[in-house]
Amino acid sequence: MATRIIASFDIGGANMRAAVVAVDGRRAEVLEQQRRPTPSHLLVPEVTAQERLDDVIGFMVAFADQARRRVGADAVAAAFPGPLDAQGRVAALPTLWGSEGASLCPLALDLLLAGRLQDMPVRIYNDVSAAGFRFVAEHPDFALFTLGSGVGLKVFINGQPQVGPHGRGGELTHMVFDRSADAPTCDCGGRGHLGALASGRAWQRRIGHAAAGDGAAVELDAFAEPLARAVAMIHYTLGMERFLFAGGLAEGLGEPLRAAIVRCLPGQGWQQGQNWDAMIRLAPADDSHALIGGALALAGEPAPAAG
(Lines give C-alpha, C1' and ligand atoms only; values in the text may rest on other atoms or scores of the structure.)
Protein backbone atom coordinates (compact mmCIF):
# COMPACT_ATOMS: atom_id res chain seq x y z
CA MET A 1 0.00 0.00 0.00
CA ALA A 2 1.39 3.38 -1.01
CA THR A 3 2.05 5.96 1.68
CA ARG A 4 -0.53 8.74 1.76
CA ILE A 5 0.11 12.26 2.98
CA ILE A 6 -2.85 13.78 4.83
CA ALA A 7 -3.37 17.33 6.09
CA SER A 8 -4.96 16.62 9.48
CA PHE A 9 -6.61 19.06 11.89
CA ASP A 10 -7.77 18.95 15.50
CA ILE A 11 -9.76 22.06 16.37
CA GLY A 12 -10.00 22.22 20.15
CA GLY A 13 -11.47 24.66 22.61
CA ALA A 14 -8.06 26.13 23.47
CA ASN A 15 -5.86 25.38 20.44
CA MET A 16 -6.14 24.59 16.77
CA ARG A 17 -3.63 21.92 15.72
CA ALA A 18 -2.62 21.20 12.15
CA ALA A 19 -0.31 18.39 11.04
CA VAL A 20 1.08 16.68 8.00
CA VAL A 21 0.59 12.96 8.64
CA ALA A 22 2.10 10.15 6.57
CA VAL A 23 -0.03 6.98 6.62
CA ASP A 24 1.17 3.55 5.54
CA GLY A 25 -1.43 0.92 6.36
CA ARG A 26 -2.03 1.14 10.12
CA ARG A 27 1.15 3.09 10.72
CA ALA A 28 1.03 6.88 10.93
CA GLU A 29 3.75 9.45 11.51
CA VAL A 30 3.36 13.16 12.18
CA LEU A 31 5.88 14.84 9.89
CA GLU A 32 5.24 18.40 11.00
CA GLN A 33 2.78 20.23 13.20
CA GLN A 34 1.52 23.75 13.84
CA ARG A 35 -0.78 25.19 16.43
CA ARG A 36 -2.36 28.49 17.35
CA PRO A 37 -5.02 29.58 19.85
CA THR A 38 -8.60 28.84 18.89
CA PRO A 39 -10.75 31.97 18.38
CA SER A 40 -13.25 30.79 20.99
CA HIS A 41 -16.08 32.69 22.64
CA LEU A 42 -13.87 33.00 25.72
CA LEU A 43 -10.72 34.20 23.95
CA VAL A 44 -12.32 36.70 21.54
CA PRO A 45 -15.79 37.49 22.89
CA GLU A 46 -15.89 40.74 20.96
CA VAL A 47 -16.24 39.11 17.51
CA THR A 48 -19.17 37.22 16.04
CA ALA A 49 -19.42 33.46 15.69
CA GLN A 50 -19.27 33.84 11.91
CA GLU A 51 -16.01 35.80 12.17
CA ARG A 52 -14.55 33.10 14.39
CA LEU A 53 -15.61 30.44 11.88
CA ASP A 54 -14.01 32.38 9.02
CA ASP A 55 -10.78 32.56 11.03
CA VAL A 56 -10.77 28.79 11.64
CA ILE A 57 -11.48 27.98 7.99
CA GLY A 58 -8.79 30.40 6.84
CA PHE A 59 -6.22 28.71 9.08
CA MET A 60 -7.17 25.26 7.78
CA VAL A 61 -7.22 26.22 4.10
CA ALA A 62 -3.84 27.94 4.29
CA PHE A 63 -2.18 24.98 6.00
CA ALA A 64 -3.75 22.35 3.74
CA ASP A 65 -2.86 24.26 0.59
CA GLN A 66 0.76 24.64 1.73
CA ALA A 67 0.92 20.93 2.63
CA ARG A 68 -0.33 20.03 -0.83
CA ARG A 69 2.23 22.25 -2.56
CA ARG A 70 5.22 21.30 -0.40
CA VAL A 71 4.81 17.60 0.37
CA GLY A 72 1.97 16.37 -1.83
CA ALA A 73 -0.84 16.14 0.74
CA ASP A 74 -3.85 14.74 -1.13
CA ALA A 75 -6.71 14.92 1.41
CA VAL A 76 -7.94 16.70 4.53
CA ALA A 77 -9.09 15.11 7.81
CA ALA A 78 -10.62 17.55 10.28
CA ALA A 79 -11.73 16.82 13.86
CA PHE A 80 -14.19 19.17 15.60
CA PRO A 81 -15.54 19.07 19.19
CA GLY A 82 -19.20 18.54 18.42
CA PRO A 83 -21.65 15.83 17.33
CA LEU A 84 -22.20 15.15 13.62
CA ASP A 85 -25.69 14.60 12.25
CA ALA A 86 -26.76 11.94 9.74
CA GLN A 87 -25.57 14.15 6.86
CA GLY A 88 -22.11 14.59 8.38
CA ARG A 89 -22.76 18.20 9.39
CA VAL A 90 -21.55 19.58 12.71
CA ALA A 91 -24.70 19.77 14.84
CA ALA A 92 -23.31 21.88 17.70
CA LEU A 93 -20.04 23.56 18.74
CA PRO A 94 -20.49 24.75 22.35
CA THR A 95 -16.86 24.15 23.36
CA LEU A 96 -15.68 26.52 20.63
CA TRP A 97 -18.35 29.20 20.56
CA GLY A 98 -20.73 28.60 23.46
CA SER A 99 -24.42 29.15 22.81
CA GLU A 100 -23.57 31.57 19.96
CA GLY A 101 -22.46 28.65 17.80
CA ALA A 102 -26.05 27.43 17.50
CA SER A 103 -26.67 30.13 14.89
CA LEU A 104 -24.14 28.43 12.56
CA CYS A 105 -25.36 24.86 12.94
CA PRO A 106 -25.94 22.46 11.35
CA LEU A 107 -22.67 23.33 9.65
CA ALA A 108 -21.50 21.59 6.45
CA LEU A 109 -17.81 22.16 7.09
CA ASP A 110 -16.74 19.61 4.51
CA LEU A 111 -18.44 21.60 1.76
CA LEU A 112 -17.02 24.91 3.00
CA LEU A 113 -13.49 23.50 2.98
CA ALA A 114 -13.82 21.54 -0.25
CA GLY A 115 -15.01 24.66 -2.02
CA ARG A 116 -11.65 26.30 -1.27
CA LEU A 117 -9.45 23.22 -1.64
CA GLN A 118 -10.18 21.94 -5.11
CA ASP A 119 -9.40 18.24 -5.73
CA MET A 120 -8.64 17.53 -2.06
CA PRO A 121 -11.21 15.19 -0.47
CA VAL A 122 -12.33 16.48 2.93
CA ARG A 123 -13.62 14.36 5.82
CA ILE A 124 -15.06 15.81 9.03
CA TYR A 125 -14.98 13.78 12.25
CA ASN A 126 -16.09 14.32 15.78
CA ASP A 127 -12.86 14.95 17.65
CA VAL A 128 -13.25 12.02 20.07
CA SER A 129 -14.18 9.64 17.26
CA ALA A 130 -11.09 10.75 15.36
CA ALA A 131 -8.90 10.22 18.42
CA GLY A 132 -10.40 6.78 18.99
CA PHE A 133 -9.50 5.59 15.50
CA ARG A 134 -5.88 5.71 16.61
CA PHE A 135 -6.49 2.89 19.08
CA VAL A 136 -8.87 0.50 17.31
CA ALA A 137 -6.05 -1.68 15.94
CA GLU A 138 -4.87 -2.29 19.52
CA HIS A 139 -8.31 -3.10 20.90
CA PRO A 140 -11.69 -2.80 19.10
CA ASP A 141 -13.88 -2.34 22.21
CA PHE A 142 -13.23 0.59 24.56
CA ALA A 143 -14.53 3.91 25.82
CA LEU A 144 -12.42 7.01 25.26
CA PHE A 145 -12.74 10.10 27.45
CA THR A 146 -10.96 13.26 26.34
CA LEU A 147 -10.40 15.84 29.07
CA GLY A 148 -9.55 19.17 27.52
CA SER A 149 -11.43 22.46 27.45
CA GLY A 150 -14.53 20.28 27.68
CA VAL A 151 -15.12 16.57 28.25
CA GLY A 152 -15.55 14.29 25.25
CA LEU A 153 -16.62 10.66 25.15
CA LYS A 154 -17.10 7.94 22.58
CA VAL A 155 -17.75 4.23 23.05
CA PHE A 156 -16.13 2.02 20.39
CA ILE A 157 -17.46 -1.46 19.64
CA ASN A 158 -15.89 -3.57 16.91
CA GLY A 159 -13.66 -0.62 16.05
CA GLN A 160 -16.50 1.85 15.39
CA PRO A 161 -17.84 4.71 17.54
CA GLN A 162 -21.42 4.10 18.63
CA VAL A 163 -23.18 7.36 17.83
CA GLY A 164 -26.69 6.32 16.76
CA PRO A 165 -28.71 7.61 13.80
CA HIS A 166 -28.46 11.28 14.84
CA GLY A 167 -24.86 11.38 16.10
CA ARG A 168 -25.77 11.81 19.76
CA GLY A 169 -23.93 8.79 21.12
CA GLY A 170 -21.24 9.80 23.57
CA GLU A 171 -23.02 12.96 24.68
CA LEU A 172 -23.22 11.57 28.21
CA THR A 173 -20.88 14.46 28.97
CA HIS A 174 -23.87 16.80 28.55
CA MET A 175 -25.98 14.85 31.04
CA VAL A 176 -26.77 16.46 34.40
CA PHE A 177 -24.47 15.13 37.12
CA ASP A 178 -25.05 17.92 39.67
CA ARG A 179 -28.59 19.17 40.28
CA SER A 180 -27.70 21.72 42.93
CA ALA A 181 -28.84 25.31 42.38
CA ASP A 182 -25.26 26.59 42.22
CA ALA A 183 -23.92 23.87 39.89
CA PRO A 184 -21.51 25.29 37.29
CA THR A 185 -22.75 26.15 33.82
CA CYS A 186 -21.63 24.08 30.85
CA ASP A 187 -20.43 25.66 27.58
CA CYS A 188 -23.68 24.45 25.98
CA GLY A 189 -25.68 26.55 28.45
CA GLY A 190 -26.87 23.68 30.64
CA ARG A 191 -26.11 23.50 34.35
CA GLY A 192 -24.35 20.71 36.23
CA HIS A 193 -23.30 18.72 33.17
CA LEU A 194 -20.31 16.37 33.36
CA GLY A 195 -18.45 18.70 31.00
CA ALA A 196 -18.90 21.55 33.48
CA LEU A 197 -17.65 19.44 36.41
CA ALA A 198 -14.64 17.51 35.09
CA SER A 199 -13.10 19.48 32.20
CA GLY A 200 -9.93 21.50 31.98
CA ARG A 201 -11.99 24.66 32.38
CA ALA A 202 -13.65 23.17 35.47
CA TRP A 203 -10.23 22.31 36.95
CA GLN A 204 -8.96 25.84 36.34
CA ARG A 205 -12.10 27.26 37.94
CA ARG A 206 -11.54 25.14 41.05
CA ILE A 207 -7.88 26.15 41.21
CA GLY A 208 -8.88 29.80 40.87
CA HIS A 209 -11.47 29.59 43.65
CA ALA A 210 -8.98 27.89 45.97
CA ALA A 211 -6.30 30.50 45.24
CA ALA A 212 -8.76 33.32 45.89
CA GLY A 213 -9.78 31.81 49.20
CA ASP A 214 -13.32 31.19 47.98
CA GLY A 215 -13.25 27.51 48.82
CA ALA A 216 -11.22 24.63 50.21
CA ALA A 217 -8.14 23.30 48.47
CA VAL A 218 -8.91 21.27 45.39
CA GLU A 219 -9.45 17.60 46.28
CA LEU A 220 -8.62 15.35 43.35
CA ASP A 221 -10.98 12.58 44.45
CA ALA A 222 -13.93 15.00 44.56
CA PHE A 223 -13.02 16.25 41.09
CA ALA A 224 -12.66 12.68 39.75
CA GLU A 225 -15.91 11.35 41.21
CA PRO A 226 -18.16 12.44 38.29
CA LEU A 227 -15.76 10.79 35.86
CA ALA A 228 -15.89 7.59 37.90
CA ARG A 229 -19.69 7.78 37.84
CA ALA A 230 -19.64 8.04 34.02
CA VAL A 231 -17.26 5.08 33.77
CA ALA A 232 -19.54 3.03 36.04
CA MET A 233 -22.61 3.89 33.93
CA ILE A 234 -20.91 2.57 30.81
CA HIS A 235 -19.49 -0.48 32.56
CA TYR A 236 -22.79 -1.53 34.14
CA THR A 237 -24.76 -0.84 30.95
CA LEU A 238 -22.46 -2.46 28.37
CA GLY A 239 -20.00 -4.54 30.34
CA MET A 240 -17.18 -2.38 28.91
CA GLU A 241 -13.86 -3.06 30.65
CA ARG A 242 -11.40 -0.79 28.86
CA PHE A 243 -11.44 2.97 29.47
CA LEU A 244 -8.87 5.37 28.04
CA PHE A 245 -8.36 8.92 29.26
CA ALA A 246 -6.68 11.43 26.97
CA GLY A 247 -6.49 15.20 26.46
CA GLY A 248 -4.54 18.05 27.97
CA LEU A 249 -5.97 17.74 31.48
CA ALA A 250 -5.44 13.97 31.59
CA GLU A 251 -1.86 14.48 30.43
CA GLY A 252 -1.26 17.29 32.92
CA LEU A 253 -2.65 15.49 35.98
CA GLY A 254 -1.51 12.06 34.80
CA GLU A 255 -1.33 9.10 37.16
CA PRO A 256 -2.78 10.94 40.21
CA LEU A 257 -6.01 11.55 38.25
CA ARG A 258 -6.15 7.95 37.02
CA ALA A 259 -5.64 6.68 40.56
CA ALA A 260 -8.34 9.01 41.89
CA ILE A 261 -10.87 7.69 39.34
CA VAL A 262 -9.97 4.12 40.38
CA ARG A 263 -10.44 4.97 44.07
CA CYS A 264 -13.90 6.43 43.38
CA LEU A 265 -15.21 3.48 41.37
CA PRO A 266 -15.97 0.91 44.10
CA GLY A 267 -18.53 3.29 45.57
CA GLN A 268 -20.44 3.63 42.31
CA GLY A 269 -22.33 0.32 42.33
CA TRP A 270 -22.39 -3.44 42.69
CA GLN A 271 -18.92 -4.89 43.16
CA GLN A 272 -18.44 -8.28 41.51
CA GLY A 273 -14.67 -8.53 41.60
CA GLN A 274 -14.04 -5.81 39.01
CA ASN A 275 -10.40 -4.93 38.57
CA TRP A 276 -10.94 -1.18 38.18
CA ASP A 277 -7.23 -0.48 38.26
CA ALA A 278 -6.69 -2.59 35.14
CA MET A 279 -9.69 -1.06 33.35
CA ILE A 280 -8.67 2.61 33.69
CA ARG A 281 -5.75 3.64 31.48
CA LEU A 282 -4.06 6.81 30.33
CA ALA A 283 -3.54 7.29 26.61
CA PRO A 284 -0.02 8.16 25.37
CA ALA A 285 0.79 11.73 26.38
CA ASP A 286 1.58 13.12 22.94
CA ASP A 287 -1.65 15.09 22.36
CA SER A 288 -1.79 13.89 18.73
CA HIS A 289 -4.60 11.37 18.94
CA ALA A 290 -7.19 13.14 16.77
CA LEU A 291 -4.53 14.22 14.25
CA ILE A 292 -3.31 10.64 13.82
CA GLY A 293 -6.68 8.91 14.19
CA GLY A 294 -8.40 11.18 11.69
CA ALA A 295 -5.66 10.58 9.13
CA LEU A 296 -5.84 6.82 9.70
CA ALA A 297 -9.61 6.81 9.27
CA LEU A 298 -9.48 8.80 6.04
CA ALA A 299 -6.63 6.75 4.56
CA GLY A 300 -8.47 3.54 5.42
CA GLU A 301 -11.56 4.42 3.38
CA PRO A 302 -12.14 2.34 0.26
CA ALA A 303 -10.75 3.93 -2.88
CA PRO A 304 -13.43 5.54 -5.08
CA ALA A 305 -14.52 3.59 -8.13
CA ALA A 306 -13.07 4.65 -11.46
CA GLY A 307 -15.22 6.76 -13.79
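These lines cover the structure that appears in this document, whether it is placed above or below. Treat the numbers as computed from the prediction; the structure is a model and nothing was measured. (Residues numbered from 1 in each chain as written. Predicted model: local features only at pLDDT ≥ 70, side-chain atom pairs only at ≥ 80, totals over all residues. Heavy atoms only, no water.)

1. Re the overall build of the chain
The number of helices and strands found in the chain is 11 helices and 10 strands. Counting across all 307 residues of the chain, residues that qualify as buried make up 52%. When contacts within the chain are restricted to residue pairs at least 6 apart in sequence, long-range pairs at least 24 apart make up 62% of them. Total accessible area on the chain is roughly 13700 Å²; 53% of this is exposed by carbon and sulfur atoms. Charge-centre separation for the chain: the mean point of 26 positive side chains lies 2 Å from the mean point of 32 negative side chains. (Helix = DSSP H or I, 4+ residues; strand = E, 2+ residues; numbered from the N terminus. Buried < 20%, exposed > 50% of the residue type's maximum accessible area, 1.4 Å probe, protein only. Contact = heavy atoms within 4.5 Å. Areas by Shrake-Rupley, 256 points an atom, 1.4 Å probe, with all protein chains shown as cover. Lys, Arg positive; Asp, Glu negative; His and termini not counted. Charge placed at Lys NZ, Arg CZ, Asp CG, Glu CD.)

2. A few points about the side chain of Ser-8
Here Ser-8 lies in strand β1 (residues 4-11). Ser-8 sits in the buried class, given a relative accessible area of 0%. Polar side-chain contacts of Ser-8 include one of 2.7 Å to the backbone oxygen of Leu-291. (Polar contact = N/O pair within 3.5 Å; in protein donor to acceptor, adjacent residues only side chain to side chain.)

3. What to know about the packing of aromatic side chains
Here the structure, examined in full by the defined rule, presents 9 aromatic pairs. Ring geometry for Phe-9 and Phe-63: centres 5.7 Å apart, planes at 80°, overall edge-to-face. Note that Phe-9 is positioned in strand β1 and Phe-63 in helix α1 (residues 49-71), a separation of 54 residues in sequence. Exposure remark for Phe-63: the relative accessible area of 2% places this residue in the buried category. One aromatic cluster in this structure is built from Tyr-125, Phe-133, Phe-135, Phe-142 and Phe-156. (Phe/Tyr/Trp six-rings, centres within 6.5 Å; stacked < 30°, edge-to-face > 60°.)

4. Examining the pairing of β1
Within β1, 7 of the 8 residues are buried, leaving the element largely enclosed by the surrounding structure. In this structure, β1 lies alongside strand β2 (residues 15-24), joined through 8 bridges in antiparallel fashion. Bridging across to β2, Ser-8 finds its partner in Ala-19. In this structure, the hairpin formed by β1 and β2 is closed by a connection of 3 residues. Here 5 bridges tie β1 to strand β4 (residues 75-80), and the two strands are oriented parallel to one another. Within β4, the residue paired with Asp-10 across the bridge is Ala-79. (Pairing = 2+ DSSP bridges.)

5. As for the nonpolar core
Ranked by internal contacts, the top residues of the largest apolar core, which has 37 residues, are Phe-145, Phe-243 and Phe-245. The contacts of Phe-243, once residues within four sequence positions are left out, are Ala-143, Phe-145, Val-231, Ile-234, His-235, Met-279, Ile-280 and Arg-281. Ala-7, Ala-67, Leu-84 and Leu-113 belong to the second-largest nonpolar core, a separate cluster that totals 35 residues. (Core = buried A, V, L, I, M, F, W, Y, C linked by side-chain atoms within 4.5 Å.)

6. Looking at helix α9 (residues 255-264)
Within α9, the full set of buried residues consists of Leu-257, Arg-258, Ala-260, Ile-261, Val-262 and Cys-264. The inward-facing, buried residues of α9 contact β6 (142-147), α7 (220-238), β9 (243-246), α8 (248-253), α10 (276-279) and β10 (280-282).

7. A word on unusual backbone geometry
Most peptide bonds are trans, and most residues other than glycine sit at a negative phi. Omega for the peptide link from Cys-105 to Pro-106 comes to 0°, which places this bond in the cis form. With respect to the helices, strands and loops of the structure, Pro-106 is situated in the loop between α2 (94-97) and α3 (109-114). One non-glycine residue with positive phi stands out, namely Asp-119, at about 65°. Here Asp-119 is to be found in the loop between α3 and β5 (122-126). The class of Asp-119 is exposed, set by a relative accessible area of 77%. Even without a glycine there, the phi angle at Asn-158 is positive, about 55°. Topologically, Asn-158 is positioned in the loop between β7 (151-157) and β8 (160-161).

8. Considering α1
In an α-helix, one turn spans 3.6 residues, which is why side chains three or four residues apart end up on the same side. An ideal rise of 1.5 Å per residue puts 33 Å on 23 residues; α1 measures up with 33 Å between its terminal C-alpha atoms. By the burial criterion, the buried members of α1 are Ala-49, Arg-52, Leu-53, Val-56, Ile-57, Phe-59, Met-60, Val-61, Phe-63, Ala-64, Asp-65 and Ala-67. Residues of α1 that are buried sit in contact with β1, β2, β3 (27-37), β4, α2 and α3. Backbone geometry just after α1 places Gly-72 at a positive phi near 80°. (Expected span 1.5 Å × (residues − 1).)

9. Considerations on the sheet that holds β2
Overall, mixed pairing links the 5 strands, which are arranged β3-β2-β1-β4-β5 in an open sheet. The two strands at the open ends of the sheet, each matched to only one other strand, are β3 and β5. Averaged over all pairs of adjacent strands, the angle between their axes in this sheet comes to 20°, without regard to strand direction. Strands in contact with α1 are β1, β2, β3 and β4; relative to β1, the strand with the most contacts, it is inclined by about 165°. Against the sheet, helix α11 (residues 289-299) contacts β1, β2, β3, β4 and β5, and its axis sits at roughly 135° relative to β1. (Axes fitted to C-alpha atoms, helices over the stretch in contact; angles between N-to-C directions.)

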